[in-house]
Amino acid sequence: MSLGVDMNDFFVALGSMMTRVVEAVNGWVWSTPLVVLCLGAGLYFSLRTRFVQVRRFGEMCRLLFKTDKSQKTGITSFQAFAMALSGRVGTGNIVGVATAIGFGGPGAIVWMWVIAFFGAGSAFVEATLAQIFKENHNGQFRGGPAYYIEKGLHSPFFGSLFAVLAAVACGFFLPPVQCNGIALSMERTLGVDAWIIGLCVALLIGLVIIGGVKRIAGVAQIVAPFMALLYIVLSIVVLAVHYDVVPQVFVEMLRSSVGAGQLGGAILGSTIAWGVKRGIYSNEAGQGTGPIVAAAAKVSHPVKQGLVQAFSVYIDTLLVCTATALMILACGTYNIIESVQFVPGSGAVVNYLQQNAGAPLGEPGVFYTSGALATVTGARLGDIIISFALFFFAFTTIMAYYYYAETNLVYLFSRIRMRRIKAMQTMVDAERETNDVSGEESRRWMESEERTLEAMKDEYRRADAHFGDDRAEKVAVWTLRLVCIVAVFGGSTMGSGIVWTIGDIGVGAMAWINIVAILLLSPKALRTLKDYERQQRLGVEPVFDPAVLKIGNADFWESEKEA
């Protein structure tokens, strides 16, 4: 018995230590410099593009349903938009907004708006760059930060570093966040153990991701827009019932955002930090995942998809996140929390700065949102509606995460093959220079080596054309799928606090590299925007030619021109 108690204390202490380590790493990643970098980059891009996210708003909507029919490869602009929306609209819009309010107060939502408005500029630049430097892999376009870091900045090392971080973050760190929200919500609603919910979600995800990008896009283009629209309609109903307090809610949000709310400036730093952090987590602007989907679209000019992706940021934050926030604040189903301490044997101990009578106790989460809806529908129906909304939002987000991770695996393996070919070519060239090839035996040896090199090139070309053809790549793909499925299940068995912290680390690590990269590459995106607007003024359909803009390594567009 004593041994059992000692072992239990050991695992509790180990869990507590791991939690402190994870929180410390998260503190380093999400330090003040990253918050400033995210806001500063968005402001810089907005100014340099002359607020393209405002000037071209009408065109964003028009391009959403337009596609380049001359290209057989890739997915439509709307499918790319829907996949990006499915990645953006997830637990961050329901649970993440509640967390931002719980730790940052009502003013955190205003800072989410700020990061969304300026973040639309960042989303435009990174999506445009993804289109410029995309590649064709067996009828599927692949691209994103790893590609434009390598090709645009001539830095294979940092391109590979981002690819590794993105594969780990999107395949392992982020899926548990989504499943955790589903499991906790449905456990309370349906009375089913969280691990059973997690197992069902993991199996469903497995069925979808094995089908590849086409199946993911097909599911996303139906589910994501429909659920977003339905959720917004529900929020309008709730706000219509509580219409008398809505003006007061807006005033309190604005006052709190500058430290003039009920708590004064006591939590202003937390208000800004939580607003920016949850804003980036939700809308993904600058994070580096949005451009991965943007690269998959077939368009005649990169700017077209840049505008479409900027629009998806608005849908995510200014509509869906705002809908959640207004419901919670109008109904008063939230508390403002000073700290959460994990005490061995007691679990989470919450210290409050402000408590509201109608708010559930404990850590902030989905119950803030379901509590708000319950004021109109009743507790039972409110829980059911939010649980199923969360399920569809989070499920499509997990699909998008897998696609992000797989794309970065594509990048890593294609670069490994390229390096092997270069190494073999270097060896053959060196042998040719150092050996006398005039003799018959030496000549036969060189011919054999060259045939081996050509065979290797043919094999790697086939592997590039059909992702997963070579054995190592196939093992990596299936390993990623299994890791993602296991991570989804694992999210249902973990506490929400630690799951969100791990997810934040993944988002922040990618954002550090990506934002610096797009700042350095922004001149190329700005030249591309000017070219697009120049062609429009001439009254012609914009077509991208990288040679005219002196942009190198745009391999796909160069091959299109030759064809």
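As the structure is a computational prediction, the values presented were derived from the model and not from experiment. (Residues numbered from 1 in each chain as written. Predicted model: local features only at pLDDT ≥ 70, side-chain atom pairs only at ≥ 80, totals over all residues. Heavy atoms only, no water.)

Visitor: Would you mind going over the confidence of the model for the protein with me for this structure?
Guide: Close reading of the predicted structure is inappropriate where its pLDDT is low. Within the protein, residue pLDDT values average 79, and 77% of them lie at 70 or more. Looking over the protein, one finds the lowest element-wise mean pLDDT in helix 19 (residues 440-465), namely 61, and the highest in helix 8 (residues 145-153), namely 93. Here residues 1-5 is modelled with pLDDT under 50, and outside its nearest four sequence neighbours on either side it reaches zero contacts, counting other chains as well. (pLDDT = per-residue confidence, 0-100. Helix = DSSP H or I, 4+ residues; strand = E, 2+ residues; numbered from the N terminus. Contact = heavy atoms within 4.5 Å.)

Visitor: What is the right way to look at the packing of helix 9 (residues 156-173) against helix 10 (residues 175-190) in this model?
Guide: Helix-helix packing is characterised by the crossing angle of the two axes and by the distance between the axes. Where helix 9 meets helix 10, the closest approach of the two axes is 5 Å, and the angle between their N-to-C directions is 15°. Overall, the two elements helix 9 and helix 10 adopt an arrangement that is roughly parallel. Where helix 9 abuts helix 10, its residues Ala169, Cys170, Gly171, Phe172 and Phe173 lie against Pro175, Pro176 and Val177. Its residues assigned to classes, the contact of helix 9 with helix 10 comprises seven nonpolar, one polar and no charged. (Axes fitted to C-alpha atoms, helices over the stretch in contact; angles between N-to-C directions. Parallel < 35°, antiparallel > 145°, perpendicular 65-115°, else oblique. Nonpolar A, V, L, I, M, F, W, Y, C, P; charged D, E, K, R; others polar.)

Visitor: What should I look at first to understand empty space enclosed by the protein in this one?
Guide: Where empty space is left becomes clear once a probe the size of a water molecule has been rolled over the atoms. In the structure shown here, the tally under the stated rule is two cavities of 30 Å³ or more. Forming the boundary of the largest cavity are Cys38, Ala41, Ile115, Gly119, Ser122, Ile280, Ala285, Gly286 and Ile515. In terms of residue count, helix 7 (residues 107-132) provides more of the lining of the largest cavity than any other element does, three residues in total. By residue class, the composition of the lining of the largest cavity is six nonpolar, three polar and no charged. (1 Å grid on protein atoms, 1.4 Å probe; cavity = no way out; pocket = protein on both sides within 12 Å on 5 of 7 lines; lining within 4 Å. Points joined across faces, edges and corners; volume = space filled by probe spheres on them.)

Visitor: Would you mind showing me how to read the packing of aromatic side chains here?
Guide: The geometry of an aromatic ring pair is captured by two quantities: the separation of the ring centres and the angle between the planes. Across all of its chains, the model carries 16 aromatic pairs by this definition. Between Phe157 and Phe158, the ring centres sit 5.1 Å apart and the planes meet at 80°, which makes this aromatic pair edge-to-face. You can call Phe158 partly exposed: its relative accessible area is 42%. Summarising the aromatic geometry, the rings of Phe556 and Trp557 are spaced 5.2 Å apart at their centres and angled 75° between planes, so their arrangement reads as edge-to-face. Neither Phe556 nor Trp557 differs from the other in exposure class; each is buried. One aromatic cluster is present, built from ring pairs that chain together Phe141, Phe544, Phe556 and Trp557. Lying over the aromatic face of Phe141, Lys134 brings its terminal NZ or CZ to 3.8 Å of the ring centre. Above the plane of the ring of Trp478 lies Arg481, whose end atom (NZ or CZ) is 4.7 Å from the centre. (Phe/Tyr/Trp six-rings, centres within 6.5 Å; stacked < 30°, edge-to-face > 60°. Buried < 20%, exposed > 50% of the residue type's maximum accessible area, 1.4 Å probe, protein only. Lys NZ or Arg CZ within 6 Å of the ring centre and 35° of its normal.)

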